[in-house]
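Below are the chains, spelled out letter by letter.
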Amino acid sequence: QVDKALAVCRSKGAWRPGYSTPAAGVREFVATAARRRCWHVRGDGGTYLCVEGFCSCRSFVSRVTAQVPLCKHLLAVRLAQELDLVQTTEVKDEHFAQLLMT
């Protein structure tokens, strides 16, 4: 699982309009006023939403029921933070709320 999480951390996407760098495998969003954080993590089946202690992937749900609340996406967030591989974007609180619903 660590190897897969490291691969996610180091993945880069295609160049996108409006961004100066390719989308990182782990993107952090910080709400300007509330200072809350969430992460979008690229995975095999798409992009997953991670917040502290939660991931939107199927694996997370099955791991929680098995009392192992850590999927490769949450591990990738932790590793990317330690390795300084997170692309951070500060957003208005209203936009942050929308990110939590996508």
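The following paragraphs examine the structure supplied in this document. (Residues numbered from 1 in each chain as written. Predicted model: local features only at pLDDT ≥ 70, side-chain atom pairs only at ≥ 80, totals over all residues. Heavy atoms only, no water.)

### Some thoughts on the overall build of the chain
Alright, step 1. Counting secondary structure elements, the chain contains 4 helices and 5 strands.
Alright, step 2. Overall, the chain shows an N-to-C arrangement of helices and strands of α-β-β-β-β-α-α-β-α.
Alright, step 3. At a minimum sequence separation of 6, the contacts of the chain that also span at least 24 residues come to 52%.
Alright, step 4. Total accessible area on the chain stands at roughly 6,400 Å², and carbon and sulfur atoms take up 54% of it. (Helix = DSSP H or I, 4+ residues; strand = E, 2+ residues; numbered from the N terminus. Contact = heavy atoms within 4.5 Å. Areas by Shrake-Rupley, 256 points an atom, 1.4 Å probe, with all protein chains shown as cover.)

### Describing the sheet that holds strand S5 (residues 87-91)
Alright, step 1. The mixed open sheet is built from 5 strands, whose spatial order is S4-S3-S2-S1-S5. If you trace the sheet from one side to the other, it starts and ends with strand S4 (54-55) and S5, each paired once.
Alright, step 2. The pairing of strand S1 (residues 26-31) with S5 spans 5 bridges and is classified as parallel. Residue pairing for S5: Ala31 is matched across the bridge by Val91. (Pairing = 2+ DSSP bridges.)

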